[in-house]
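Given next are the chains, with one letter for each unit.
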Amino acid sequence: MFKKDIKNEVINNNLNREIYGKLLLDIRWLDFRKRILERDKNMCVVCQSKTNLQIHHKQYHFSELSRTYKKPWEYNARYLITLCKKCHDKGHAKYKVPVKYIK
Ligand SMILES: [Zn+2]
Ligand SMILES: [Zn+2]
């Protein structure tokens, strides 16, 4: 395993456990989330289901400067897609969300 992979692993774990749980209840996220859902016509972009919808981040951006992740609502909307829980879980089981290091 490469050093960079280990670093990603640590970051991903911290991200999921600590940060996201709290942030996803933030009003700024709820507003942003609504915008994405409306853009995707309140449907999963994979199977068109309209139930158990979730928003998926296609990339996570980590700032080298502040040593933190962007807040979920700070992303450009093109990095976010609407998925139903089933497709979302399937996607995460199959692919790891890439972490992009930004200044
Ligand atoms: Zn789906
Ligand atoms: Zn996701």
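Up top you'll find the structure we're talking about.
Because the structure is a prediction, the values reported are computed rather than measured.

Engineer: Tell me about helix α2 (residues 27-39), residues and numbers included.
Structural biologist: Over its 13 residues, α2 extends 19 Å from the first C-alpha to the last, a length consistent with the 18 Å expected when each residue adds 1.5 Å. Within the sequence span of α2, burial applies to W29, F32, I36 and L37. Projection of α2 onto a plane perpendicular to its axis shows the buried side chains occupying an angular sector of 145°, all on one side. Projecting away from the buried face of α2 at angles above 90 degrees are the exposed residues I27, K34 and R35. Count one or two residues on from α2 and you reach K41, which has phi positive near 60°.

Engineer: Explain unusual backbone geometry residue by residue, including any values.
Structural biologist: The residue N42 is not glycine, and still its phi comes out positive at about 50°. Within the fold, N42 resides in the loop between α2 and β1 (53-57). At Q48, a residue that is not glycine, the phi angle is positive and equals roughly 65°. Looking at the secondary structure, you find Q48 in the loop between α2 and β1.

Engineer: Which residues make up the environment of R67, and what values go with them?
Structural biologist: Counting through the fold element by element, R67 comes out in the loop between β2 (60-63) and β3 (68-69). With 35 residues separating them in the primary sequence, R67 and I102 have C-alpha atoms 9.9 Å apart. At 3.1 Å, the side chain of R67 forms a polar contact with the side chain of E64.

Engineer: Quick rundown of the sheet that holds β3? Include the residues and the values.
Structural biologist: Across the sheet, three strands lie side by side as β3-β2-β5; this open sheet has mixed pairing. Both edges of this open sheet fall to β3 and β5 (99-102), since each of them pairs with a single strand only. Note: β2 against β3, two bridges, orientation antiparallel. Paired with F62 across the two strands is Y69, which belongs to β3.

About the thresholds
Residues numbered from 1 in each chain as written. Chains lettered and ligands numbered in written order. Predicted model: local features only at pLDDT ≥ 70, side-chain atom pairs only at ≥ 80, totals over all residues. Heavy atoms only, no water. Helix = DSSP H or I, 4+ residues; strand = E, 2+ residues; numbered from the N terminus. Expected span 1.5 Å × (residues − 1). Buried < 20%, exposed > 50% of the residue type's maximum accessible area, 1.4 Å probe, protein only. Arc of directions from axis to C-beta. Polar contact = N/O pair within 3.5 Å; in protein donor to acceptor, adjacent residues only side chain to side chain. Pairing = 2+ DSSP bridges.

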